[in-house]
Amino acid sequence: MWRIERSITDRVRGAAFALNGSWRMAAPKPRSGRSTSLRDSIDSEKLEGTGSWDALEWTKIEHVTRSVSHANLKFLLEAERVIAEEYGVVLVNIDEAGTLIVTNFRVLFLSEGTRDIIPLGTIPLATIEKFNKIVAKIQSAPRQTDKTPSQRLLQVIGKDMRVIVFGFRPRTKQRRMIYDALVRCTKPARIWDIYAFTSGPSKFSNINPKVRLLNEYFRLLGESSNHASMEMIEKGSFTSFNELWRISNVNYNYTMCQSYPFALIFPKSISDQEVLQASSFRARSRLPVVSWCHPGSGAVLARSSQPLVGLMMNMRSNADEKLVAALCTQLTGGRMIRRKLYIADARPRKNALANGAMGGGSESSSNYFQSEIVFFGIDNIHAMRESLSRLRDYLDTHGATSSDGMSSFLRHGGWTWGGGHLSSMSASVSTLGDSGWLIHVQNVLAGSAWIAARIALESASVLVHCSDGWDRTAQLISLANLLLDPYYRTFTGFQALVEKDWLAFGHPFSDRVGMPSLSGSGDMPFELSRQPSAGSFSSSPVRQSSGSIPAQAPSPSHAQNNYSPIFLQWVDCVSQLLRMYPFAFEFSPTFLVDFLDSVLSGRFGNFLCNSEKERQQCGVSEACGCLWAYLADLRSSEGRSHAHYNFFYDPSKHDGPLLPPAAALAPTVWPQFHLRWACPTEAQDGGVEAQCRKTVQKLSELQKAKEIAEKKAKDSMNAVESLAAELQNEKQISNSARNLAKRASKETAAIKRAVESLGCKVQFASSGDCAVDIESNPTKSPQTYSASRRESDEKSDLFVSVTVVDDVATSNPISRVCEAMCPLRTRDGGCRWPDAGCAQLGSQFVGLKANFEAFDRLSIYDSYFQSD
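Here the structure is a predicted model, which means the values were calculated and not measured.

1. A short note on the overall build of the protein chain
Scanning the protein chain for helices and strands turns up 27 helices and 25 strands. Scored against the burial criterion, the 868 residues of the protein chain give a buried share of 51%. Surface accessibility of the protein chain: about 40100 Å² in total, with carbon and sulfur atoms responsible for 52%.

Take a look at the structure:
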């Protein structure tokens, strides 16, 4: 934290450039949100009276040291450790203050308030192309003494099109600590010091890519039933063939060509001995090999390096000519005939001729039967590097979020480009064309489309090469494969394509991306020199249109290094094809961005080293994580709704080759990648696919809500049916109880009438008991009889007890009572009630049990109320 003097009530979190190029004070940041930048609140006329950072007594700000436990940084990856950490650093691009952390994997910038990661200020170390120390002088306000200190800035330029600037407090060692940490971590002495080796495979384990390469070869030869294994590779028993082509193990130990894979496809008619002879005629022994063959016509797409024809272009090789001729073999009616051969040289013609001075050059059509030589005019790796640098500078200059902290419309003093002048606007647009990037992309696209058309329309074979056969050749070959074969437009096919034509065939990723190789450190172009201590600050060393310092000429080391965005350019070309054919690709532009970021990050081992041989020597497959497994894990989290899937993909619409006409090959800036840092809103918003994906996601949510509602309705219906069944059962029980109650009432009334007919008084209580008073002998004390009734659910029995209380004992009181009371006793002493419970002798109680079923059988009403 920084504490500011009492006179300053609010914390200043950012700084911006005044429109005249001098440093000015940023407006105080509101407590509830982000700071109000100078460019958003103060016009140019008010800036003249505004004080600089010196007015805030910047030098008197007290730095409060605090330590953050690295264990609490939950966003750190596995094996990621903090190297340097500084607080109160300002990310000038967005006027945000926070904590700047350098780890062994990346540069992290955390917001001071929320401690969240700021994506713009967070970049993997391997993605950094160069970084500079910059000293900017703060211009004092009028009539103030020039005692303000210079501002310490650090500019970081990334390979992913971002230019970011960090500001540090003067008279501290903050910048020095961060700079030294970057120097140590971005230039590891050995390849094993790279984070990919430190972190290990983790959960993104990798199978040996040789197995996948062999499986792809089997597919190309129509032997998809064969499945490669490490045992097959170790034994060298992977050789297979069809009528025209065969898989050879001649380069199994990389003795023939160190940059080629262990297995190669050659014409079946060419022996391994002839292959070894032909390899000596091509640069770096990269002789012609089959990259793809048409399953129907048998036409092939082959690749190689330039032939060593010499300065006079008169050197020949019979083995090479025979091999190339065999690429044009065609089976028709059981006999072999020759098809047309095109030799596509990716270089400009003058460059091919110039290579003759070094022994290289190009083929002569007179030496290769029925062939035609075509030059595509694609520039070399150095032109591509400078072109991307100019494009990045253009985007930083005219973007909405620039490295100097100002938008493009404020840089020129108005709300439109160039101050509203049409000429200035046209000049800024022409700068994009001057970068040459889109022209280079168009050339690669046009060359690939031409190759695909020759194979698809003419059934001709095409041999493609440049100088070494691993840069421009890889671009053309892989794009032509993508156009010809729908399989390569799927996730699995895209992986097979990249592993075959880029990794297996030796594109030097370590040199082109700027990573250490097996032989030592990579030639990484870091700008270590300081800018002049006085003068204004330029966010990019080559920016001139903004009125800053003039462009600096690249240093000799920078001009001669081997870094070049060749693979990035190829992915850009893929995105252009996806834009032209949105239904043909299973993957989306978002997948391409994540894929390219993963390649540039150096987090995984797939794209380390310069060849398959070097990756095998380093044990990359066993020691490092796999990029493909990581991307597959991302997709598995959401299934087909993941952003990596192309929402419009319909394989039935494009089940054959894609052959774009020349008029359609007009590339545009790739917004998802090129504009995401300079113009984040324009890069993400407004995309048709993004809107459709949101709509589909909302529809999916509504569908899930509908399913939940239907399930609840079904459960409710089941509950209602269950309650209805219970209610019906209760009704049945109620009816049964009601019937039983009616029957019991009827029986009670009958008993009551029978007892009352004897002259007794019967009283029924609410509890079910009844009292019977007998007045047959007035001289005696009253005799009391009680009866009780019991009901059950199954049947109802009426029990009547009659208690006789008599002061005078008789010889047989029970008999007298029974004779006096029982209405069913016959004259001869018999009983019409066979189941009656008679009185027990010797007891003073007489129990009379009424069996109402017996009453029903005897027809009590007829027997009782009628005389015998």
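2. Some points on the packing of aromatic side chains
Per the counting criterion, the structure on display carries 36 aromatic pairs. Ring centres 5.5 Å apart and planes at 80° place the aromatic pair phenylalanine 494 and phenylalanine 595 in the edge-to-face group. In this pair, phenylalanine 494 sits in helix α14 (residues 491-504) while phenylalanine 595 sits in helix α18 (residues 589-601), placing the two residues 101 residues apart along the sequence. A relative accessible area of 0% means that phenylalanine 494 is categorised as buried. Looking at lysine 210, its charged tip hangs above the ring of phenylalanine 262, at a distance of 5.1 Å from the centre. Between the NZ or CZ atom of arginine 454 and the centre of the ring of tryptophan 450, over which it lies, the distance is 5.1 Å.

3. Here's the deal with the pattern of salt bridges
According to the stated counting rule, one finds 27 salt bridges in the structure shown. A salt bridge links arginine 162 to aspartate 160, with the shortest nitrogen-to-oxygen separation between them at 2.9 Å. Put simply, aspartate 501 and arginine 303 hold a salt bridge, and the shortest N to O gap is 3.5 Å. Of this pair, aspartate 501 sits in helix α14 while arginine 303 is found in strand β15 (residues 300-303), placing the two residues 198 residues apart along the sequence. In terms of burial, aspartate 501 and arginine 303 fall into one category: buried. The network of salt bridges with common partners includes Asp160, Arg162, Asp597 and Arg676.

4. Some points on the sheet that holds strand β6 (residues 96-103)
Pairing within the open sheet is antiparallel, and its 7 strands lie in the order β8-β7-β6-β5-β11-β10-β9. Each edge of the open sheet carries a strand with a single partner, namely β8 (123-124) and β9 (128-136). The pairing of strand β10 (residues 151-158) with strand β11 (residues 163-168) spans 6 bridges and is classified as antiparallel. Looking at the pairing, leucine 154 lines up with phenylalanine 166 of β11. Here helix α2 (residues 174-186) sits on the sheet and contacts β5 (82-91), β6, β7 (106-111), β9, β10 and β11; the angle it forms with β9, its principal contact strand, is near 160°.

5. Structural notes on the UniProt feature "active site" (unreviewed entry) in the protein chain
In the UniProt entry, the feature "active site" (unreviewed entry) is given for Cys466. Relative to the helices and strands, cysteine 466 resides in the loop between β20 (461-465) and α13 (472-484).

6. Digging into the environment of serine 280
Mapped onto the elements of the fold, serine 280 is located in the loop between α6 (272-279) and β14 (289-293). Look at serine 280 and you get exposed, because its relative accessible area is 55%. Separated by 27 residues in the primary sequence, serine 280 and proline 307 place their C-alpha atoms 9.3 Å from one another. A distance of 2.9 Å separates a polar atom in the side chain of serine 280 from the backbone oxygen of glutamine 277.

7. Some thoughts on the UniProt feature "binding site: substrate" (unreviewed entry) in the protein chain
As recorded in UniProt, the feature "binding site: substrate" (unreviewed entry) lies at Asn380, Ile381, Cys466, Ser467, Asp468, Gly469, Trp470, Asp471 and Arg472. Spanning 93 residues, the named residues form one tight spatial group whose C-alpha atoms are at most 12.4 Å apart. Inspection of the secondary structure assignment puts asparagine 380 in the loop between β19 (371-375) and α9 (381-398). Taking the relative accessible area as the measure of exposure, asparagine 380 reaches 30% and is therefore partly exposed.

8. Observations concerning α13
The periodicity of an α-helix, 3.6 residues per turn, causes residues three or four places apart in sequence to face the same way. The terminal C-alpha atoms of α13 lie 18 Å apart, and with 13 residues this matches the ideal 18 Å at 1.5 Å per residue to within 8%. In terms of residue burial, α13 counts as a mostly covered element, since 13 of its 13 residues are buried.

9. Quick look at the packing of helix α12 (residues 437-458) against α13
Running from N to C, α12 and α13 cross one another at 55°; their axes reach a closest spacing of 8 Å. In terms of orientation, α12 and α13 fall into the oblique class. Two packed elements cross with a definite hand, and for α12 against α13 that hand is right-handed. Only Gln475, Leu476, Leu479, Ala480, Leu483 and Leu484 of α13 make contact with α12, whose side of the interface consists of Val444, Leu445, Gly447, Ser448, Ala449, Ile451, Ala452, Ile455 and Ala456. Its residues placed into classes, the contact of α12 with α13 shows 12 nonpolar, 3 polar and no charged.

10. Points about the environment of leucine 484
With respect to the helices and strands, the residue leucine 484 is situated in helix α13. Take leucine 484: its relative accessible area is 6%, and that puts it in the buried class. Measuring from C-alpha to C-alpha, the distance between leucine 484 and isoleucine 451 comes to 9.5 Å, with 33 residues separating the pair along the chain. Sequence-distant contacts of leucine 484, defined by excluding residues within four places in its chain, comprise Trp292, Ala452, Ile455, Ala456, Arg489, Gly656 and Pro657.

11. A look at the nonpolar core
For soluble globular proteins, the rule of thumb is that nonpolar side chains tend to be buried together. Leu214, Phe567, Trp570, Phe595 and Phe607 are the most contacted members of the largest nonpolar core, which totals 145 residues. Looking at which element gives the most residues to this core, the answer is helix α17 (residues 566-580), with 10 residues. Not counting chain neighbours up to four residues away, the residues in contact with tryptophan 570 comprise Gln475, Ser478, Leu479, Phe494, Leu497, Val498 and Trp502. Formed by 25 residues, the second largest nonpolar core is a distinct cluster that contains Ala84, Leu91, Tyr179 and Ala181.

12. Quick look at the pairing of β10
By the criterion of burial, β10 is predominantly enclosed, with 7 of the 8 residues buried. Judged from the 8 bridges that link them, β9 and β10 form a sheet pairing that is antiparallel. When the sheet's bridge partners are listed, isoleucine 134 is paired in β10 with leucine 153.

13. So, the sheet that holds β19
On the basis of which strands lie adjacent, the open sheet formed by 5 strands has the order β14-β15-β20-β18-β19 and mixed pairing. The sheet terminates laterally at β14 and β19, the two strands that pair on one side only. Looking at each pair of strands side by side, their axes are set apart by 25° on average, direction ignored. Of the pairings in the sheet, the one linking strand β18 (residues 341-345) to β20 comprises 5 bridges and is parallel in character.

14. Re helix α4 (residues 209-220)
Taking 1.5 Å per residue as the helical rise, α4 with its 12 residues ought to reach 16 Å, and the 17 Å between its terminal C-alpha atoms agrees with that figure. By the criterion of burial, α4 is predominantly enclosed, with 9 of the 12 residues buried. Two or three places before lysine 210, at the start of α4, stands the capping residue asparagine 208, its side-chain oxygen 2.9 Å from that residue's backbone nitrogen. Of the residues flanking the end of α4, it is glycine 222, one or two places downstream, whose phi is positive at about 75°.

15. Some thoughts on the side chain of arginine 303
Under the relative-accessibility criterion, arginine 303 is labelled buried at 1%. In this structure the side chain of arginine 303 is engaged in a polar contact, spanning 2.9 Å, whose partner is the backbone oxygen of glycine 469. A polar contact is formed between the side chain of arginine 303 and the backbone oxygen of aspartate 501, at a distance of 2.9 Å.

16. Re the state of the cysteines
Evaluated as defined, the whole model comprises 0 disulfides. Cysteine 609 supplies the cysteine sulfur nearest to cysteine 624, a cysteine that is in no disulfide, at a spacing of 8.4 Å. Using a relative accessible area of 0% as the deciding quantity, one classes cysteine 624 as buried.

17. Examining the side chain of glutamate 80
Tracing the sequence through the fold places glutamate 80 in the loop between β4 (62-63) and β5. In this structure glutamate 80 comes out as buried when scored by relative accessible area, which is 8%. Within the local environment of glutamate 80, its side chain forms a polar contact with the backbone nitrogen of leucine 77, the two atoms lying 2.7 Å apart. At 2.8 Å, the side chain of glutamate 80 and the side chain of threonine 103 are in polar contact. What glutamate 80 contacts, discounting residues up to four positions off in sequence, is Phe75, Thr103, Asn104, Phe105, Arg106, Leu108 and Tyr195.

Conventions we followed
Note that residues are indexed from 1 along each chain, following the sequence as it is written. Two thresholds apply to this predicted model, a pLDDT of at least 70 for residue-level local features and 80 or more for giving and counting side-chain atom pairs, whereas whole-chain, interface and lining totals are computed over all residues. Only hydrogens and water are set aside when side-chain values are computed; all heavy atoms of the structure are taken into account. Strands are runs of DSSP state E lasting at least 2 residues, helices are runs of H or I lasting at least 4, and numbering of each runs from the N terminus. Under the scheme applied here, a residue whose accessible area is under 20% of the maximum for its type counts as buried, over 50% as exposed, and between as partly exposed, the area being computed with a 1.4 Å probe on protein chains only. Here the accessible surface of atoms and residues is derived via Shrake-Rupley with a 1.4 Å probe, and residues count as covered only by protein chains that are part of the display. Each Phe, Tyr or Trp ring, with Trp reduced to its six-membered ring, pairs with another whose centre is within 6.5 Å; inter-plane angles below 30 degrees give stacked pairs, above 60 give edge-to-face pairs, and intermediate values give tilted ones. Criterion for a charge above a ring: Arg CZ or Lys NZ at most 6 Å from the ring centre, at most 35 degrees from the ring normal. Salt bridge, as used here: a side-chain nitrogen of Lys or Arg that lies within 4 Å of a carboxyl oxygen of Asp or Glu. At least two bridges found by DSSP between two strands is the condition for calling them paired. Contact definition: two residues touch when any of their heavy atoms are within 4.5 Å. Angles here are taken between N-to-C directions and fall from 0 to 180 degrees, while the axes themselves are lines fitted to C-alpha atoms, restricted in helices to the stretch in contact. UniProt positions are given in the numbering used here, feature names are shortened, and annotations may be inferred rather than shown by experiment. We call two N or O atoms a polar contact when they sit within 3.5 Å, provided that within protein one can donate a hydrogen and the other can accept it, with sequence-adjacent residues counted only if both atoms are side-chain atoms. Take the residue count of a helix, subtract one, and multiply by 1.5 Å to get its expected span. In this scheme, roughly parallel covers angles under 35 degrees and roughly antiparallel covers those over 145, while 65 to 115 is roughly perpendicular and the rest are oblique. What makes a crossing left-handed is the near helix being turned counterclockwise from the far one by less than a right angle; a clockwise turn instead makes it right-handed. For this classification, Asp, Glu, Lys and Arg are treated as charged, while Ala, Val, Leu, Ile, Met, Phe, Trp, Tyr, Cys and Pro are nonpolar and the rest, including Gly, are polar. Buried Ala, Val, Leu, Ile, Met, Phe, Trp, Tyr and Cys residues form a nonpolar core when they are joined through side-chain atoms within 4.5 Å. When two cysteine sulfur atoms lie within 2.5 Å, the pair is treated as a disulfide.

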